[in-house]
Amino acid sequence: DAAAPFGGGSAGGWGRGPPTFPPSFPPPSGAADQTPPDLARERCKAVTSFYHQPAIDAAAERPSVRLTPTTMLYSGRSQDGSHILKSARYLQQELPVRIAHRIQGFRNLPFIIGCNPTILHVHELYIRAFQKLSDFPPIQTHADESQYCALLRQLLEDHKDVVTLLAEGLRECRRHIQDERLLRPFLDKTLTSRLGMRMLAAHHLALHEDKPDFVGIICTRLSPKKLIEKWVDFARRLCEHQYGNAPRVRINGHVAARFPFIPLPLDYVLPELLKNAMRATMESHLDTPYNVPDIVVTIANNDIDLVIRISDRGGGIPHDLLDKVTEYHFSTAEASAQDPRLGGPFRTLMDASGQPGPMHGFGFGLPTSRAYAEYLGGSLVLQSLQGVGTDVYLRLRHIDGKAESFRI
């Protein structure tokens with residue numbers, strides 16, 4: 001999975017040793033008096049080194065170059081294998097710039113949040129990724145390129161838990177956050193930029209594979225129905241494990257549609273939306289768990305976008321919570337006790353499931369899905385029929401449609 005910037009990330013196995021270069025912050029007064037002066041100086045240096053990094057400042061001044069999926073598709077093949085070197089050189093220029101932009105985002109966080117050890121750990125992962133990528137010598141040969149691939153794989157692995165860590169860090173300092181909405185731009189940007197970097201790195205690594213119907217991570221004839229069925233099976237297994245049963249799912253609309261598309265972001269968003277629909281259905285029929293209404297998924301394919309509607313009969317989202325479900329939440333039990341969609345009984349199960357998306361628990365699922373959909377030139381809209389159920393509309397722009405495609 002993925003590097004600080006990139007990466008899925010399940011909450012299982014946090015895989016984080018103690019942060020290496022900010023040593024933990026000075027203990028509260030009293031204890032601090034016994035800190036040897038050289039250690040105190042060392043700590044002070046460690047934290048300032050986060051802010052004094054001329055190379056990062058310079059890279060952050062450069063604009064990032066975002067690609068359309070069509071560009072990636074057409075430059076993803078060549079007779080002589082030169083496309084692989086071109087792709088690697090593009091990443092070598094691009095990734096440090098994007099990471100530097102995100103480091104700026106961490107520096108601009110309110111100080112008390114930026115000092116939280118978990119947030120600092122993520123900030124440091126980004127700094128380390130920047131240094132490793134910047135120190136890599138120019139890519140001249142295929143041997144250089146395979147070394148570069150090894151570095152990308154290592155970074156993807158190092159960073160796979162970033163979403164979980166960010167959610168955890170923000171929960172740890174939630175009493176210092178007066179208004180959760182102020183952090184929305186930071187989280188939207190950090191999570192979508194990470195998705196973009198992860199997609200670019202995964203695409204480059206996948207160019208080495210010869211998979212039928214794929215160029216890198218782009219599927220040349222994706223069937224939305226097949227992808228939905230895959231995630232329905234996954235969500236139903238989780239749901240049966242938790243509740244002893246799961247709603248059936250009917251798929252209708254343009255079930256035979258096939259078109260070029262990137263399945264990766266759907267692999268995050270679909271399981272999240274299906275889990276929510278199943279959870280709401282089961283929670284609102286606790287008296288009759290073996291007789292629950294079906295969930296209906298409708299596919300609408302046109303020459304501009306793909307629309308997936310997921311309709312459940314799970315009672316709907318109460319009026320007072322409707323606006324809140326697509327905001328990030330760092331508060332825990334209070335909200336999820338009122339509405340399972342903000343955390344709820346699935347949480348422990350999701351954390352244990354090692355699921356590919358980082359979006360379970362923590363009140364991060366729907367806002368992350370919304371951010372991803374918007375990043376991909378689409379939207380995520382919820383219509384609640386209070387007392388009956390919820391319709392979720394996921395729209396994603398075609399990569400070869402009439403309207404301009406998104407850029408990664």
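In this text the structure is predicted, and so the values were computed from the model without any measurement.

When helices and strands are counted, the protein shows 15 helices and eight strands. Counting over 408 residues, the protein shows a buried share of 56%. Counting contacts in the protein only where the partners sit at least 6 residues apart, residues at least 24 apart contribute 78% of the total. When the accessible surface of the protein is split by element, carbon and sulfur atoms take 53% of a total near 17800 Å².

Turning next to the side chain of S223. The topology assignment puts S223 in the loop between β2 (218–222) and α10 (224–243). Residues within four places of S223 in sequence aside, it is in contact with A257 and R258.

In total, this model carries seven aromatic pairs according to the counting rule given. On the numbers, 5.4 Å between centres and 50° between planes, the contact of F106 with Y126 is tilted. Here F106, found in helix α4 (residues 82–107), pairs with Y126, found in helix α6 (residues 117–135); they are 20 residues apart in sequence, far enough to count as distant. In this structure, F106 and Y126 share a single accessibility class: buried. Among the aromatic residues, ring-to-ring pairing joins F106, Y126 and F186 into one connected group.

So, about the nonpolar core. Core analysis: the largest hydrophobic core is formed by 114 residues, its most contacted members being Y148, L166, L170, L187, L266, I308 and L394. Looking at this core, the element that brings in the most residues is helix α9 (residues 184–206), giving 11 residues. Among all residues touching I308, those that are not within four sequence positions of it are I228, L266, L270, V297, T298, V392, Y393 and L394.

What follows is about unusual backbone geometry. Backbone geometry places D213, a non-glycine residue, at a positive phi of 70°. Within the secondary structure, D213 sits in the loop between α9 and β1 (214–215).

What follows is about empty space enclosed by the protein. On inspection of all chains with the given rule, the structure shows two cavities of 30 Å³ or more. Approximately 40 Å³ is the volume attributed to the second largest cavity. What lines the second largest cavity is M199, F261, I262, P265, L376, L396, R397 and F406.

All right, on to the layout of surface pockets then. Over the atoms a probe the size of a water molecule is rolled, and this reveals where empty space is left. Volume-wise, the largest pocket comes out at about 520 Å³. What lines the largest pocket is a set of 24 residues, among which K211, F214, I217, P263 and D267 lie closest to the centre. The greatest single-element share of the lining of the largest pocket, amounting to four residues, is contributed by α9. The residue makeup of the lining of the largest pocket, split by class, is 11 nonpolar, two polar and 11 charged.

This part is about the confidence of the model for the protein. Per-residue confidence for the protein gives a mean pLDDT of 85, with 81% of residues at or over 70. The low-confidence segment residues 1–33, where pLDDT is below 50, has 104 contacts with residues more than four positions distant or belonging to other chains. Ignoring residues within four places in sequence, the model shows residues 332–360, a span with pLDDT below 50, making 78 contacts including any to other chains.

The subject of this paragraph is the pairing of strand β5 (residues 295–301). Within β5, five of the seven residues are buried, which leaves it mostly tucked inside the rest of the structure. Across five bridges, strand β3 (residues 249–253) lies against β5 in parallel orientation. Each residue of the ladder has a partner; that of I251, found in β5, is V297. The sheet contact formed by β5 and strand β6 (residues 305–312) spans six bridges and is antiparallel. Within the sheet, the bridge partner assigned to A300 lies in β6 and is V307. Where β5 folds back on β6, the antiparallel hairpin that results is connected by three residues.

Okay, the pairing of strand β7 (residues 379–385) next. Residue alternation in β7 divides its side chains into a buried set, L380, L382 and S384, and an unburied set, S379, V381, Q383 and L385. Here seven bridges tie β7 to strand β8 (residues 389–397), and the two strands are oriented antiparallel to one another. Bridge pairing links Q383 to D391 in β8. Connecting β7 to the next strand, β8, in antiparallel fashion are three residues, including G387 with a positive phi near 95°.

Our focus in this paragraph is the sheet that holds β3. Hydrogen bonds between backbone atoms are what pair the strands of a sheet, whose relative direction is either parallel or antiparallel. Strand order in the open sheet formed by five strands is β3-β5-β6-β8-β7, with mixed pairing between adjacent strands. Bordering the open sheet on either side are β3 and β7, each of which pairs with just one other strand. For this sheet, the mean inter-axis angle between neighbouring strands, taken without regard to orientation, is 15°. Of the strand pairs in this sheet, β6 and β8 are connected by eight bridges, and their pairing is antiparallel. The residue bridging L306 from the neighbouring strand is L396, located in β8. Each of β7 and β8 touches helix α15 (residues 365–375); the most contacted strand, β7, lies at about 135° to it.

Next up on the list: the packing of helix α8 (residues 162–172) against α9. Where α8 meets α9, the closest approach of the two axes is 11 Å, and the angle between their N-to-C directions is 165°. Considering the angle they form, α8 stands roughly antiparallel to α9. The interaxial crossing formed by α8 with α9 has right-handed handedness. Along the contact surface, α8 presents V162, V163, L166 and L170, while α9 presents F186, L187, T190, L191 and R194. Of the residues assigned to the contact of α8 with α9, the class counts are seven nonpolar, one polar and one charged.

Let us now look at helix α7 (residues 142–158). Count 3.6 residues to each turn of an α-helix, and residues three or four apart come out pointing the same way. Its 17 residues place the ends of α7 24 Å apart at the C-alpha level, agreeing with the 24 Å of an ideal helix rising 1.5 Å per residue. What α7 keeps buried is the set E145, Y148, C149, L151, L152, L155 and L156. Seen from one end, α7 has its buried residues packed into an arc of 165°, which puts them on one side. Exposed and oriented more than 90 degrees from the buried face of α7 are A143 and Q147. Structurally, α7 contributes buried residues whose contacts are with α4, α6 and α9.

Here is what the cut-offs are and how they apply
- Residues numbered from 1 in each chain as written.
- Predicted model: local features only at pLDDT ≥ 70, side-chain atom pairs only at ≥ 80, totals over all residues.
- Heavy atoms only, no water.
- Helix = DSSP H or I, 4+ residues; strand = E, 2+ residues; numbered from the N terminus.
- Buried < 20%, exposed > 50% of the residue type's maximum accessible area, 1.4 Å probe, protein only.
- Contact = heavy atoms within 4.5 Å.
- Areas by Shrake-Rupley, 256 points an atom, 1.4 Å probe, with all protein chains shown as cover.
- Phe/Tyr/Trp six-rings, centres within 6.5 Å; stacked < 30°, edge-to-face > 60°.
- Core = buried A, V, L, I, M, F, W, Y, C linked by side-chain atoms within 4.5 Å.
- 1 Å grid on protein atoms, 1.4 Å probe; cavity = no way out; pocket = protein on both sides within 12 Å on 5 of 7 lines; lining within 4 Å.
- Points joined across faces, edges and corners; volume = space filled by probe spheres on them.
- Nonpolar A, V, L, I, M, F, W, Y, C, P; charged D, E, K, R; others polar.
- pLDDT = per-residue confidence, 0-100.
- Pairing = 2+ DSSP bridges.
- Axes fitted to C-alpha atoms, helices over the stretch in contact; angles between N-to-C directions.
- Parallel < 35°, antiparallel > 145°, perpendicular 65-115°, else oblique.
- Left-handed = near helix turned anticlockwise from the far one by under 90°.
- Expected span 1.5 Å × (residues − 1).
- Arc of directions from axis to C-beta.

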